Amino acid sequence: MAAAACVPVRVCHQEIVRFDLEIKAAVQDIRDCPGPLSALTELNAAVKEKFRHLRGCIQELEQMAKEQDKESEKQALLREVENHKKQMLSNQAAWRKANLACKIAIDNSEKDQLLQGRDSLRQRKTTKESLAESASNITESLMGISRMMSQQVQQSEETVQTLANSSRTILEANEEFKSMSGTIQLGRKLITKYNRRELTDKLLIFLALALFLATVLYILKKRLFPFL
């Protein structure tokens, strides 16, 4: 009968140990939980259910201890019950600490995400402002380039006009040069003709003078020397 009674006690011990280990593992999961709060809530619900089973097993073991016939076995089981209760209280304290640490970590993470979101918004705002400033600078640069191109076109038009005027002047000068060349050639012909005429005139004058002198000499001869 005593041996048969030890079997439920052993089974109850095993259940208590199993739930104790599962609770410790679940508390560690809570401590390592990165969030969100919904995940933490699910873990806490599972731990709460394990505590309920553990408490039931401890109460069952306590009831078995009270039903023991031998006082020594009864006291031994009651001491084990007290140890299990203390261990359960320790697990509950660890559970609360793990929850507190996890909530603090989740709050810090949410704050960091919020700050990152603000930084991201600020960065996007800064980026938009930079893009707007860049667009404005590009527009001003394009306008400046457009003005420069307009000035270059105007200068090119003026240069073309100047070249056209210069070409016209050169053509006019060329025409004048041709006209002057013709005049020079005509003058050269006239000078050459004049030189020839002058030579002819000199020759005629010389001949006339010679004829005059011959006539004078002839008259003098007749007058002075009629006998010759």
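Going by the structure above, here's the rest.
About the cut-offs
- Residues numbered from 1 in each chain as written.
- Predicted model: local features only at pLDDT ≥ 70, side-chain atom pairs only at ≥ 80, totals over all residues.
- Heavy atoms only, no water.
- Salt bridge = Lys/Arg side-chain N within 4 Å of Asp/Glu carboxyl O.
- Helix = DSSP H or I, 4+ residues; strand = E, 2+ residues; numbered from the N terminus.
- Disulfide = S-S within 2.5 Å.
- Buried < 20%, exposed > 50% of the residue type's maximum accessible area, 1.4 Å probe, protein only.

Caption draft 1: Inspection of the pattern of salt bridges at higher detail. One pass over the structure, following the stated rule, counts six salt bridges. R18 serves as the salt-bridge partner of E22, at 3.1 Å between the closest nitrogen and oxygen. Here E22 pairs with R18, and both are found in helix α1 (residues 2-31), just four residues apart, close to one helical turn. Taking the shortest distance from any N to any O, the salt bridge between K85 and E62 comes out at 3.4 Å. Of this pair, K85 sits in helix α3 (residues 71-224) while E62 sits in helix α2 (residues 37-66), and the two are 23 residues apart along the sequence. A network of salt bridges, in which partner residues are shared, links E15, R18, E22 and K50.

Caption draft 2: Representation of the state of the cysteines. Under the defined criterion, the tally for this structure stands at zero disulfides. The cysteine C57 is free of any disulfide, with C12 supplying the nearest cysteine sulfur at 5.1 Å. On the basis of relative accessibility, which here comes to 11%, the residue C57 falls in the buried class. Just so you know, C102 is unpaired, no disulfide at all, and the nearest cysteine sulfur is the one on C33, 4.2 Å from it. Classification of C102 as buried rests on a relative accessible area of 0%.

Everything listed here is a matter of geometry and, on its own, says nothing about what the molecule does.
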